[in-house]
Amino acid sequence: MSSSSITCKAAVAWEAGKPLVIEEVEVSPPQPMEIRLKVVSTSLCRSDLTAWEFQSIFPRIFGHEASGIVESVGEGVTEFSVGDHVLTAFTGECRACRQCTSAKSNICQVLGLERRGLMHSDQKTRFFIKGKPIYHYCAVSSFSEYIVVNSGCAVKISPVVPLEKICLLSCGVAAGLGAAWNVADITKGSTVAIFGLGTVGLSVAQGAKIRGASRIIGIDTNPEKSEKAKAFGITEFLNPNDYNEPIQQGWGLTVTLGVPKVKPEITAHYAMFLTGRTLKGTLFGGWKPKSDLPSLVDMYTEKVIQIDEYITHNLQFEEINKAFSLMKEGKCLRCVIHMPN
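Residue numbers restart at each chain and count upward from 1, following the sequence in its written direction. Whole-chain, interface and lining totals are the exception, using all residues; otherwise, since this is a predicted model, local features are given only for residues with pLDDT of at least 70 and side-chain atom pairs are given and counted only at 80 or more. The side-chain quantities take in all heavy atoms of the structure and omit both hydrogens and water.

Moving on: the side chain of H64. Helix and strand assignments come from DSSP, with helices taken as H or I runs of at least 4 residues and strands as E runs of at least 2, each series counted from the N terminus. Assignment of secondary structure puts H64 in the loop between helix 1 (46-54) and strand 4 (65-73). Of the polar contacts made by the side chain of H64, one reaches the side chain of D48; its length is 3.0 Å. Residues are treated as being in contact if the distance between any of their heavy atoms lies within 4.5 Å. Leaving out residues up to four positions away in the same chain, H64 has contacts with C45, S47, D48, T88, F90, Y137, C138, V140, S142, S170 and C171. Definition of a polar contact: a pair of N or O atoms within 3.5 Å, with one able to donate and the other able to accept a hydrogen when the atoms are protein atoms, and with sequence-neighbouring residues admitted only if both atoms are side-chain atoms.

UniProt positions are given in the numbering used here, feature names are shortened, and annotations may be inferred rather than shown by experiment. Per the UniProt annotation, the sites labelled "domain: Alcohol dehydrogenase-like N-terminal" (unreviewed entry) are residues 32-157. The span residues 32-157 shows a helical share of 7% and a strand share of 30%, and its end C-alpha atoms are spaced 22 Å apart.

Turning next to the pattern of salt bridges. Side-chain pairs of opposite charge can arise whenever the charged atoms involved come near each other. Take a side-chain nitrogen of Lys or Arg and a carboxyl oxygen of Asp or Glu: if they are within 4 Å of each other, that pair is a salt bridge. Counted by the stated rule, this structure contains 16 salt bridges. Between E93 and R95 there is a salt bridge, with its nearest N and O atoms 3.8 Å apart. Summary of the burial criterion: residues with accessible area below 20% of their type's maximum are buried, those above 50% are exposed, and those between are partly exposed, where the area comes from a 1.4 Å probe applied to protein chains only. Here R95 falls in the partly exposed class, since its relative accessible area comes to 45%. Ionic pairing is found between E236 and R215, a salt bridge with its closest N-O pair at 2.8 Å. In this pair, E236 sits in strand 12 (residues 236-238) while R215 sits in strand 11 (residues 215-219), placing the two residues 21 residues apart along the sequence. Judged by its relative accessible area of 39%, R215 is partly exposed. Bridged by salt links that share partners, the residues E34, D122 and R126 form one connected network.

Another aspect to go through is helix 8 (residues 320-328). In an α-helix, one turn spans 3.6 residues, which is why side chains three or four residues apart end up on the same side. Residues of helix 8 that are buried include every one of I320, A323, F324, L326 and M327, and no others. For helix 8, the arc enclosing every buried residue in end-on projection is 165°, short of the 170-degree limit, so these residues lie on one face. Where helix 8 is buried, its residues meet strand 1 (6-12), strand 2 (21-27), helix 1, strand 15 (311-316) and strand 16 (334-338). Positive backbone phi, at 70°, marks G330, one or two positions downstream of helix 8. Within this analysis, the arc is defined by the directions that extend from the helix axis to the C-beta atoms.

Let's shift gears to helix 3 (residues 172-183). Here helix 3 contains 12 residues, and its C-alpha end-to-end distance of 15 Å stays within 8% of the 16 Å for a straight helix at 1.5 Å per residue. Burial analysis of helix 3 places 11 of its 12 residues in the buried class, the great majority of the element. Buried residues of helix 3: G172, V173, A174, A175, G176, L177, G178, A179, A180, W181 and V183, and no others. Those residues of helix 3 that are buried are in contact with strand 4, helix 4 (199-211), strand 13 (253-256), strand 14 (278-281), helix 7 (289-301) and strand 16. Note on helix 3: the residue one or two positions beyond its end, D185, has a positive phi of about 50°. A helix's residues, less one, multiplied by 1.5 Å, set its expected span.

The sites that carry the UniProt feature "domain: Alcohol dehydrogenase-like C-terminal" (unreviewed entry) are, in the present numbering, residues 200-249. The span residues 200-249 is 36% helix and 16% strand, and its two end C-alpha atoms sit 22 Å from each other.

So, on to the side chain of T282. Summarising the element assignment, T282 is placed in the loop between strand 14 and helix 7. For T282, the side chain forms a polar contact with the main-chain nitrogen of G285, separated by 3.3 Å. Excluding anything up to four places from it in sequence, T282 contacts A179, V183, V255, T256 and L257.

Positionally, V200 belongs in helix 4. The class for V200 is partly exposed, based on a relative accessible area of 25%. As for V200 and C335, which are separated by 135 residues in sequence, their C-alpha atoms are 14 Å apart. Once residues lying within four places of it in the same chain are set aside, the contact partners of V200 are G172, G176 and L257.

With respect to the helices, strands and loops of the structure, I157 is situated in strand 9 (residues 154-157). Separated by 124 residues in the primary sequence, I157 and G281 have C-alpha atoms spaced 28 Å apart. Beyond its immediate stretch of four places on either side in the chain, I157 contacts H85, V86, L87, L163, I166 and V297.

The next thing to look at is a nonpolar patch on the surface. By definition, no residue in a patch forms a salt bridge, and every one has over 30% relative accessible area; like charges are joined within 9 Å, nonpolar side chains (Val, Leu, Ile, Met, Phe, Trp, Tyr) within 5 Å. Residue-level accessible areas treat just the shown protein chains as cover; the underlying method is Shrake-Rupley with a 1.4 Å probe. Together, I266, M272, F273 and L279 make up an exposed nonpolar region whose accessible area comes to about 380 Å². In this structure, F273 sits in helix 6 (residues 270-274). Overall, F273 belongs to the partly exposed group, its relative accessible area being 38%.

For the rest of this paragraph, the subject is the packing of aromatic side chains. The pairing test for Phe, Tyr and Trp rings, Trp by its six-membered ring, is centres within 6.5 Å, and the orientation test on the planes gives stacked under 30 degrees, edge-to-face over 60, and tilted for anything in between. Tallied over the full model, the rule gives 7 aromatic pairs. Residues W52 and F324 carry aromatic rings whose centres are separated by 4.9 Å and whose planes lie at 65° to one another, so their mutual orientation is edge-to-face. Residue W52 is found in helix 1, and its partner F324 is found in helix 8; the two are separated by 272 residues along the sequence. Neither W52 nor F324 differs from the other in exposure class; each is buried. Between W181 and W287, the ring centres sit 6.4 Å apart and the planes meet at 90°, which makes this aromatic pair edge-to-face. On the criterion of sequence distance, the pair formed by W181 in helix 3 and W287 in the loop between strand 14 and helix 7 is long-range, its members being 106 residues apart. You'll find W181 and W287 in the same group, each marked buried. Within the aromatic cluster, the residues linked to one another by ring pairs are W52, F143 and F324.

Right under this line is the structure:
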């Protein structure tokens, strides 16, 4: 246990869309059922970028796709010990609520997606600058050298797994694989169309390839993604800007992933569903993080799934704004940010 605060560096967003600033922050000790982590590696996810551009909760520390080492544990924590290697989970698993004990949902009623920039337990922050609170993101905030998370929002992993690679399973790669396997339940010989060929979309492609889909059609307005996509299983590439007709014509099952930029509402004519179309949503690909992520880690170590290939850039913590620029410009898949030792 630790009863003292830690002063460390964090990349703080003071305003929407403005460059992050490396600041000295104070990180509180973990409260009951919380753990404090030393972040080793974190990667920029598209939802970090979208929230940074369009949301209004500031000052804030973004980041949610991360790996780290337990520095201290709060009262009541028995699952973790100092020195354990972990993945963070932006949506947690308490393992006791109605949703956690059901096989039909992965949305924990206690530790589900946190939207107010606070900790689940007491609705307060664990970050401060000169006594003033700095808001969290998804109750993780991994763009800081040290962070406090609920013990239900962390997953213990083997110490032999490379933390600078496996951090991608904390969100993007796992979400795409889960969408293909758990939600769409792609079967051998299927035809799959994927709109958007970022890390999540290409992870859907990888999942579809492993399941034996016969056609995996990648759709993106960035023509530079055409060649890269083939390595993940895309068999055909379409750029909507090259066609006059709507690309999405057809029938079947549609699965939605990710976070919309500005317009979250969806409208559809009822007749669309009468003709047999199905629309399904998913958060984190349907995975229960603590129950399911260890098996994905095993699949990575056994070389069943690819992770390393999604990492296009390795950056030092001071270069974090470069990661945001690369993603905005569509020039990266995942930028892994290496925290100071």
